[in-house]
Structure formats: structure tokens, C-alpha cells
Amino acid sequence: MLVLLSGVSGAGKDTIKNELLKRMDNITSMPSYTDRKPRPGEEGTNVYNFITTQEFEEKIKNNEFYEYSVHHEHYYGTSKEILNQKIKEGQTIVKDIEVNGTKNLIDLLKDDIKIVTIFLRVPKEELRNRLIHRIDKANLKEIELRLNRFDYEESKIGMYDYVIKNDNLEKTVNIIMTIIENERKIN
């Protein structure tokens, strides 16, 4: 099963994914490739495979991604090789991904693997506060870039199986754990 977590930048996707990995059995992360620089604490984690723009574009030419996009001025993509290997291992795969990537993976893989989609909602003002505290030396341009995408991403919630207001980490993680456990029972 592939669980896709989406939401605007700062909605808590990585935090929730990491909690799921700590608390649940038979679950693994699906890191994206990106050409952006790691944030403090991201290097050596299961969140991203950091590569150069040139390396990313080489992978595009070699058709190594199921999907990729430019998001907040950086490439992000889902590796065919890594995803196929994780599917073969039979674990529940959790991937954080933006809305266009979600649609692309659903279109490409819906007949090959069970996909469960979850959108995390955060009020815009709460999101602004999270971004100010998350982004090193709060760069107004970067915060505005991310906030400008808010309405677009919110407009896509109709394609998600579940929409959860992420205003309490513990509550949100427990809801998602219940969703995953219930979805595992449904074939």
C-alpha cells in the first residue's frame, strides 16, 4: 500500500511521516529526489535524496522518475527504482508529495498498488507562523512563495481520500495510524 501525504509547505508532512515510522510496524518511507539544499537536520535522514540540478536533469533524461515537478523553484521527483523495490518488499510505503505529484502517481499506479491519499489542512495564518519559525532566517520572499501556493493546493482536496485538519500533532498521527490500519484490512 502506498500512503501519499500532501498539504501545503509547513503542514507537517515530514513530522507526521517520521512519527508514523517510529510508531508503526511494517511501514517505510519513500524519499523524494530534490535539487534543493538540505535544511538543518535533513542530511542523512529518510526524507530526501539530495542531488544537484544537473544530476536531477540527467535522471529526467534517463526516464528514472514516475513523476517529477518544479515546486518552490526546485525539482522534486519519485524514483521508479526505489518505489518498485519498496513495493516488492511488501511494506506500507509513506510518501510526502505535493498535489500534482499525487495526481500523477494515482494516474500511473492505481492499477498496480493500493493508494491511500491524505491531505493535511492548516489554517493560513497558522501556516505563516510555522513557516516563519521553520525557515532559517525567515526569508519573506520564500515564505510568500510558499503561501502563494496555499489556495492552489487547497483547491485539489477533492481528489483525496481523507482530509485532516492538522492542528494537533498527537491527534493527527493517531487518526492517520487508524486510517492506515483500517485500509490495510480492505483489499
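Heads up: these notes are all about the structure in this document.

**Describing the pattern of salt bridges**
Here is step 1 of the chain: Applying the stated rule across the entire model yields 10 salt bridges.
Here is step 2 of the chain: A salt bridge links Lys22 to Glu19, with the nearest nitrogen and oxygen atoms 2.9 Å apart. One end of the pair, Lys22, and the other, Glu19, are both in helix H1 (residues 13-23), three residues apart, so they sit about a helical turn from each other.
Here is step 3 of the chain: Of the residues examined, Lys22 reaches a relative accessible area of 63% and is grouped as exposed.
Here is step 4 of the chain: Residue Glu19 pairs with Arg23 through a salt bridge whose shortest N-O separation is 3.0 Å.

**Here we look at H1**
Here is step 1 of the chain: Listed as buried for H1 are Lys13, Asp14, Ile16, Lys17, Glu19 and Leu20.
Here is step 2 of the chain: For H1, the elements touching its buried residues are strand S1 (2-6), strand S2 (27-29), strand S4 (48-50), strand S7 (92-96), strand S8 (115-121) and helix H8 (169-185).

**Quick notes on the nonpolar core**
Here is step 1 of the chain: By size, the foremost hydrophobic cluster in this structure holds 22 residues, and its most contacted members are Val3, Ile16, Leu20, Ile118, Leu120, Ile176 and Ile180.
Here is step 2 of the chain: Listing elements by their share of this core, those giving two or more residues are S1, H1, S8 and H8.
Here is step 3 of the chain: Among the elements that take part in this core, H8 stands out by supplying five residues, more than any other.
Here is step 4 of the chain: In contact with Ile180, other than residues within four places in its own chain, are Met1, Val3, Leu20, Met24, Ile27 and Thr92.

**Notes on the environment of Gly90**
Here is step 1 of the chain: Along the polypeptide, Gly90 turns up in the loop between helix H3 (80-89) and S7.
Here is step 2 of the chain: Gly90 sits 79 residues away from Ala11 along the chain, and the two C-alpha atoms are 28 Å apart.

**Considering the environment of Leu4**
Here is step 1 of the chain: Among the structural elements, Leu4 can be located in strand S1.
Here is step 2 of the chain: Using a relative accessible area of 0% as the deciding quantity, one classes Leu4 as buried.
Here is step 3 of the chain: Taking C-alpha positions, Leu4 is 20 Å from Glu64, a pair spaced 60 residues apart along the chain.
Here is step 4 of the chain: Ignoring anything within four residues of it in the chain, the contact list for Leu4 reads Lys95, Ile97, Thr102, Leu105, Ile115, Val116, Thr117 and Ile118.

**Overview of the sheet that holds S4**
Note on sheets: strands pair through backbone hydrogen bonds, and any given pair is parallel or antiparallel.
Here is step 1 of the chain: Strand order in the open sheet formed by four strands is S4-S3-S6-S5, with mixed pairing between adjacent strands. Because the sheet does not close on itself, it has two edges, and the strands there are S4 and strand S5 (65-71). The mean inter-strand angle of the sheet, taken between neighbouring strand axes irrespective of direction, is 25°.
Here is step 2 of the chain: When S5 meets strand S6 (residues 74-79), the two strands line up antiparallel, connected through six bridges. Looking at S6, one finds that Val70 is bridged to Tyr75.
Here is step 3 of the chain: Strands in contact with H3 are strand S3 (32-34), S4, S5 and S6; relative to S6, the strand with the most contacts, it is inclined by about 35°.

**Structural notes on the packing of aromatic side chains**
Here is step 1 of the chain: All chains considered together, the criterion is met by nine aromatic pairs.
Here is step 2 of the chain: Summarising the aromatic geometry, the rings of Tyr33 and Phe65 are spaced 5.9 Å apart at their centres and angled 70° between planes, so their arrangement reads as edge-to-face. Placement of Tyr33 in strand S3 and of Phe65 in strand S5 is noted, with a sequence separation of 32 residues between them. Each member of the pair, Tyr33 as well as Phe65, carries the same accessibility label: buried.
Here is step 3 of the chain: Pairwise contacts between aromatic rings join Tyr33, Phe56, Phe65, Tyr68 and Tyr75 into one cluster.
Here is step 4 of the chain: Taking the ring centre of Tyr48 as reference, the NZ or CZ of Arg36 above it sits at 4.7 Å.

Calculation criteria
Residues numbered from 1 in each chain as written. Predicted model: local features only at pLDDT ≥ 70, side-chain atom pairs only at ≥ 80, totals over all residues. Heavy atoms only, no water. Salt bridge = Lys/Arg side-chain N within 4 Å of Asp/Glu carboxyl O. Helix = DSSP H or I, 4+ residues; strand = E, 2+ residues; numbered from the N terminus. Buried < 20%, exposed > 50% of the residue type's maximum accessible area, 1.4 Å probe, protein only. Contact = heavy atoms within 4.5 Å. Core = buried A, V, L, I, M, F, W, Y, C linked by side-chain atoms within 4.5 Å. Pairing = 2+ DSSP bridges. Axes fitted to C-alpha atoms, helices over the stretch in contact; angles between N-to-C directions. Phe/Tyr/Trp six-rings, centres within 6.5 Å; stacked < 30°, edge-to-face > 60°. Lys NZ or Arg CZ within 6 Å of the ring centre and 35° of its normal.

Bear in mind that shape data such as this cannot, by itself, settle questions of function.
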